[in-house]
Amino acid sequence: MRGKNATERVPADAGGIARAARILHEGGLVAVPTETVYGLAARADNPAAIARIYEAKGRPSFNPLIVHVAGIAAAQRLARLDEAALALAERYWPGPLTLVCPLRSDAGLAPAVTAGLPTVALRQPAHPAMAALLGAVQFPLAAPSANRSGFVSPTSAEHVLATLDGRIDLVLDGGECANGLESTIVAVRSDGRIETLRPGPIEVPGAVAVGPAEGIEAPGQTLSHYAPGKPVRLDAVVREADEYLIGFGEIAGDCSLSEAGDLLQAAARLYACLHRAALAPQPRIAVAPVPTKGLGLAINDRLHRAAAPM
Ligand code: TXA
Ligand code: MG
């Protein structure tokens, strides 16, 4: 079934979710919409299923995966959530916040999920399709973004199929993702410090940003990532002749992150614009400046990775 045939695509309705649950139970791979980006899900307690994620994505095996859970109780069966972590989960779950917490020795996760780290990254997603799927299966779901490693993250079923068609069993089509940017990842340290390992839709008050250089614990935070496969020039005010321009606010382009200069809309459209730019005839991409405050910090984080040499 896997690898040879085209990937099946079904609507994320009750029938689709039942089919997805069956495939996952048997150790298969299903792309599932979440409120951030589409995830490539496999059962987190099954080493063979997890090996398939790494194989389908072409992901370096030292890069650990986020485990998606149905709620706080399910998270506590996998990790030790101290008071601070519990408070964050209660405040922001279900939603786009991933918590890195100490792994329990009896968690029963496939070792490759955590890539040998003593911690595990956990989140309870808010998207109704992913929530229904987690309710339908009896195991947690490991799910990185559903794209070949290093490429632009998917915010639609088309984006998933652009790099993973034939490499995975099923795509649950739930339309476009609302947030459009991967979850905020924070680590809760034993001394109470909260470190932001990856900026995202949620800004956690009091969290300290940890740059990629110090982020040894998040190897996925290597500089070149989200790459559209062409040179990307940032903070562009005018387009050069051979460039596809992604606009923002006053700066109109071939497409725009947000004509109104709205950061929420820009986050939701970012990956769709990068996908479009990748498919355009122009050999290079330019991107208008996006303010570096609030959600703009997370958008600029992804843009800098898209622009980093591969
Ligand atoms: O919004 C999201 O988070 C999406 C959806 C599908 O949930 N998932 C996602 O997964 O972005 P992925 O695999 O593309 O990114 C996971 C990030 C990587 O940067 C990885 O290094 C980091 O999480 N990570 C995973 N486990 C970790 C751990 N124990 N400690 C630190 N970082 C960890
Ligand atoms: Mg990713």
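Definitions and cut-offs
- Residues numbered from 1 in each chain as written.
- Chains lettered and ligands numbered in written order.
- Predicted model: local features only at pLDDT ≥ 70, side-chain atom pairs only at ≥ 80, totals over all residues.
- Heavy atoms only, no water.
- UniProt positions renumbered as here; feature names shortened; annotations may be inferred.
- Helix = DSSP H or I, 4+ residues; strand = E, 2+ residues; numbered from the N terminus.
- Rg over C-alpha atoms; globule rule 2.2 N^0.38 Å.
- Buried < 20%, exposed > 50% of the residue type's maximum accessible area, 1.4 Å probe, protein only.
- Pairing = 2+ DSSP bridges.
- Contact = heavy atoms within 4.5 Å.
- Salt bridge = Lys/Arg side-chain N within 4 Å of Asp/Glu carboxyl O.
- Axes fitted to C-alpha atoms, helices over the stretch in contact; angles between N-to-C directions.
- Arc of directions from axis to C-beta.
- Polar contact = N/O pair within 3.5 Å; in protein donor to acceptor, adjacent residues only side chain to side chain.
- Parallel < 35°, antiparallel > 145°, perpendicular 65-115°, else oblique.
- Left-handed = near helix turned anticlockwise from the far one by under 90°.
- Nonpolar A, V, L, I, M, F, W, Y, C, P; charged D, E, K, R; others polar.

Per an unreviewed UniProt entry, the chain carries the name Threonylcarbamoyl-AMP synthase and comes from Qipengyuania benthica. Under the Sequence similarities (unreviewed entry) heading, UniProt states for the chain: "Belongs to the SUA5 family." In the Subcellular location (unreviewed entry) part of its UniProt record, the chain is described as follows: "Cytoplasm".

Undergrad: I'd like a rundown of the overall build of the chain, residues and numbers included.
TA: From N to C terminus, the chain includes nine helices and 15 strands. Taking 310 residues into account, the globule formula puts the C-alpha radius of gyration at 19 Å, and the chain, at 19 Å, falls close to it. Principal axes of the C-alpha set define a box for the chain whose edges measure 60 × 50 × 30 Å. Taking all 310 residues of the chain together, 56% fall into the buried category.

Undergrad: Go over the pairing of strand β13 (residues 243-247), please, and point to the residues and values.
TA: The element β13 is largely enclosed, with a buried count of five among its five residues. Where β13 lies against strand β15 (residues 284-287), four bridges are found, and the strand directions are parallel. Opposite Leu245, over in β15, you have Ala286 as the bridge partner.

Undergrad: Before we move on, could you go through helix α7 (residues 157-164) and cite the residues and values that matter?
TA: Every buried residue of α7 is listed here: Ala157, His159, Val160, Leu161 and Leu164. Contact partners of the buried residues in α7: β1 (8-11), β2 (30-32), β3 (39-43), α2 (47-57), β8 (170-173) and α8 (263-279).

Undergrad: I'd love a proper account of the pattern of salt bridges, names of residues and values included.
TA: According to the stated counting rule, one finds 19 salt bridges in the structure shown. Of the charged contacts in the structure, one is a salt bridge between Asp173 and Arg9, with a shortest N-O distance of 3.0 Å. With a gap of 164 residues between them, Asp173 in strand β8 and Arg9 in strand β1 connect regions that are remote in the sequence. With a shortest N-O distance of 2.7 Å, Arg43 and Asp45 are connected by a salt bridge. Counted as one network, the salt bridges with shared partners bring together Arg233, Glu240, Asp242, Glu243 and Arg284.

Undergrad: An account of the sheet that holds strand β14 (residues 255-256) is needed here, citing residue identities and associated values.
TA: Across the sheet, which stays open at both edges, the four strands sit in the order β12-β15-β13-β14 with parallel pairing between neighbours. Since the sheet does not close on itself, it has two edges, and those belong to β12 (232-233) and β14, each with one partner. Of the strand pairs in this sheet, β13 and β14 are connected by two bridges, and their pairing is parallel. Bridge assignment links Ile246 to a residue of β14, and that residue is Cys255. Seen against the sheet, α8 touches β13, β14 and β15 and runs at an angle of roughly 165° to β13.

Undergrad: Which residues make up unusual backbone geometry, and what values do they have?
TA: That bond from Trp93 to Pro94 is cis: its omega, -10°, falls within 30 degrees of zero. Note that Pro94 resides in the loop between α4 (83-92) and β5 (97-102). Not every positive phi belongs to a glycine, and Ala115 is a case in point at roughly 50°. Among the secondary structure elements, Ala115 is positioned in the loop between α5 (111-114) and β6 (119-123). Overall, Ala115 belongs to the partly exposed group, its relative accessible area being 28%. Backbone geometry places Asp235, a non-glycine residue, at a positive phi of 55°. Here Asp235 lies in the loop between β12 and β13.

Undergrad: Report on the pairing of β8, specifying residues and quantitative values.
TA: Within a regular strand, the side chains alternate between the two sheet faces. Pairing between β1 and β8: four bridges, direction parallel. Each residue of the ladder has a partner; that of Glu8, found in β8, is Leu170. For β2 and β8, the ladder comprises two bridges, and the chain directions are parallel. Opposite Val30, over in β8, you have Leu170 as the bridge partner.

Undergrad: I'd like to hear about α4, residue by residue, with values.
TA: Every buried residue belonging to α4 is among Ala85, Leu88, Ala89 and Tyr92, and all of these are buried. For α4, the angular spread of the buried residues around the axis is 100°, confining them to a single face. The exposed residues of α4 that point more than 90 degrees off its buried face are Glu83, Glu90 and Arg91. Buried residues along α4 sit against α3 (72-76), β5, β9 (184-188) and β10 (194-198). Where α4 begins, the side chain of Asp82 points an oxygen toward the backbone nitrogen of Ala84, at a separation of 3.1 Å.

Undergrad: Before we move on, can you summarise the packing of α8 against helix α9 (residues 295-307) with the specific residues and values?
TA: Following both chains from N to C, one finds α8 and α9 inclined at 15°, their axes separated by 9 Å at the closest point. Classified by the angle between their axes, α8 and α9 sit roughly parallel to one another. As for how α8 packs across α9, the hand of that crossing is left-handed. Of α9, the residues touching α8 (which contributes Leu263, Leu264, Ala266, Ala267, Leu270, Tyr271 and Leu274) are Leu295, Gly296, Ile299, Arg302, Leu303 and Ala306. Taken together, the residues of the contact of α8 with α9 sort by class into 11 nonpolar, one polar and one charged.

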